[in-house]
Amino acid sequence: MKIIAASALLAGALALTGCQTTDPYTGEQRTSRAATGAGIGAAVGALVGIATSDSAKERKRRALAGAGIGAVAGGGVGYYMDVQERELREKLQGTGVSVTRDGDNIILNMPGNVTFDTDAYQVKSQFMPVLDSVSEVLKEYRSTMIQVGGHTDSTGSVQYNMLLSQQRAQSVSNALAGFGVEQVRMDIVGFGPHQPAATNDTAAGRAQNRRVELTLLPYTN
């Protein structure tokens, strides 16, 4: 299931995000749940809602069942994501990949400068061990769905950036699949320049906007 068309709805929802807090345990900057609970939650909900008709959802369920992947029981979702988040934070410390928790979702932000060469979509060889570490966790928690989203800055044409973001998301997805993560669990999204994390008016802001994000969602059926 490949999604490109949800950007407009996501823009409004993600515009609510912006307040950062410092994790008292790791010192890492985290997005405030008070500011973004509705924002990111609505964005992910809009994306999934647009992408999956009833028939598509049923096909997805059958494919997951065929791969031996079951849903998480409702009462156990919070704990299931808690332990997954803890393992990801331990494995990704010092890699340049940030971990953000929003409700029952986990977002891994992979900056473009550590993941890809300029204007390229092949994952850097030195970043592959990081993706291998992520895949180890994802293989352990198989009831987690993964949205792989590619983002660019606003430099260049929208058409070019849409293609580049899609190719980069696909490359990360392919790498994870190569390490054993089931393709049926992954959705690939090319957002181009439409979901900036920072201003495009400065070099530092543009660098933040060039990224791939993995949004990890519990499969609750």
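In this report, the structure presented in the accompanying data block is examined.

Parameters at a glance
Residues numbered from 1 in each chain as written. Predicted model: local features only at pLDDT ≥ 70, side-chain atom pairs only at ≥ 80, totals over all residues. Heavy atoms only, no water. Helix = DSSP H or I, 4+ residues; strand = E, 2+ residues; numbered from the N terminus. Expected span 1.5 Å × (residues − 1). Buried < 20%, exposed > 50% of the residue type's maximum accessible area, 1.4 Å probe, protein only. Phe/Tyr/Trp six-rings, centres within 6.5 Å; stacked < 30°, edge-to-face > 60°. Core = buried A, V, L, I, M, F, W, Y, C linked by side-chain atoms within 4.5 Å. Contact = heavy atoms within 4.5 Å. Right-handed = clockwise from strand over helix to strand, strands pointing away. Pairing = 2+ DSSP bridges.

### What about helix H4 (residues 77-92)?
Here is step 1: With 16 residues, H4 extends 22 Å from end C-alpha to end C-alpha; this agrees with the ideal 22 Å at 1.5 Å per step.
Here is step 2: Burial in H4 covers these residues: Val77, Tyr80, Met81, Val83, Gln84, Glu85, Leu88, Arg89 and Leu92.
Here is step 3: Positive backbone phi, approximately 80 degrees, marks Gly94, located one or two places after H4.

### Comments concerning the packing of aromatic side chains
Here is step 1: Going through the model one piece at a time under the given rule, you end up with 1 aromatic pair.
Here is step 2: Ring geometry for Tyr80 and Tyr141: centres 5.5 Å apart, planes at 75 degrees, overall edge-to-face. Of this pair, Tyr80 sits in helix H4 while Tyr141 sits in the loop between helix H6 (128-140) and strand S6 (144-151), placing them 61 residues apart in sequence.
Here is step 3: The exposure class assigned to Tyr141 is buried, which follows from its relative accessible area of 9%.

### Some thoughts on the nonpolar core
Here is step 1: Counting 33 residues, the largest nonpolar core has Leu108, Val172, Leu176, Leu214 and Leu216 as the members making the most contacts within it.
Here is step 2: At the level of secondary structure, the elements contributing two or more residues to this core comprise H4, strand S5 (105-111), H6, S6, helix H7 (158-178), strand S7 (186-192) and strand S8 (211-218).
Here is step 3: With 6 residues, the top contributor of residues to this core is H4.

### Focus: the environment of Asp117
Here is step 1: Here Asp117 is to be found in the loop between helix H5 (112-115) and H6.
Here is step 2: Residue Asp117 is classed as partly exposed on the basis of its relative accessible area of 47%.
Here is step 3: Ignoring any residue separated from it by four or fewer positions in sequence, one finds Asp117 in contact with Lys124 and Arg168.

### Topic: the pairing of S7
Here is step 1: Taken across its 7 residues, S7 has 7 buried, putting it largely inside the fold.
Here is step 2: Following the chain from S6 across H7 to the adjacent parallel S7, one finds a crossover that is right-handed.

### Considering the pairing of strand S4 (residues 98-102)
Here is step 1: Taken across its 5 residues, S4 has 4 buried, putting it largely inside the fold.
Here is step 2: In the sheet, S4 pairs with S5 via 5 bridges, with the strands oriented antiparallel. Bridge pairing in S5 places Ser98 opposite Asn109.
Here is step 3: Connecting S4 to the next strand, S5, in antiparallel fashion are 2 residues, including Gly103 with a positive phi near 60 degrees.

### Section: the environment of Gly150
Here is step 1: Mapped onto the elements, Gly150 comes out in strand S6.
Here is step 2: Judged by relative accessible area, Gly150 falls into the buried class, the value being 0%.
Here is step 3: Residues Gly150 and Met110 lie 40 residues apart in sequence; the distance between their C-alpha atoms is 9.6 Å.
Here is step 4: With sequence-adjacent residues up to four places away left out, Gly150 is seen in contact with Ser165, Ala169, Val189, Gly190, Phe191, Gly192, Arg211 and Val212.

In short, the description is geometric, and any link to function would need to be established separately.
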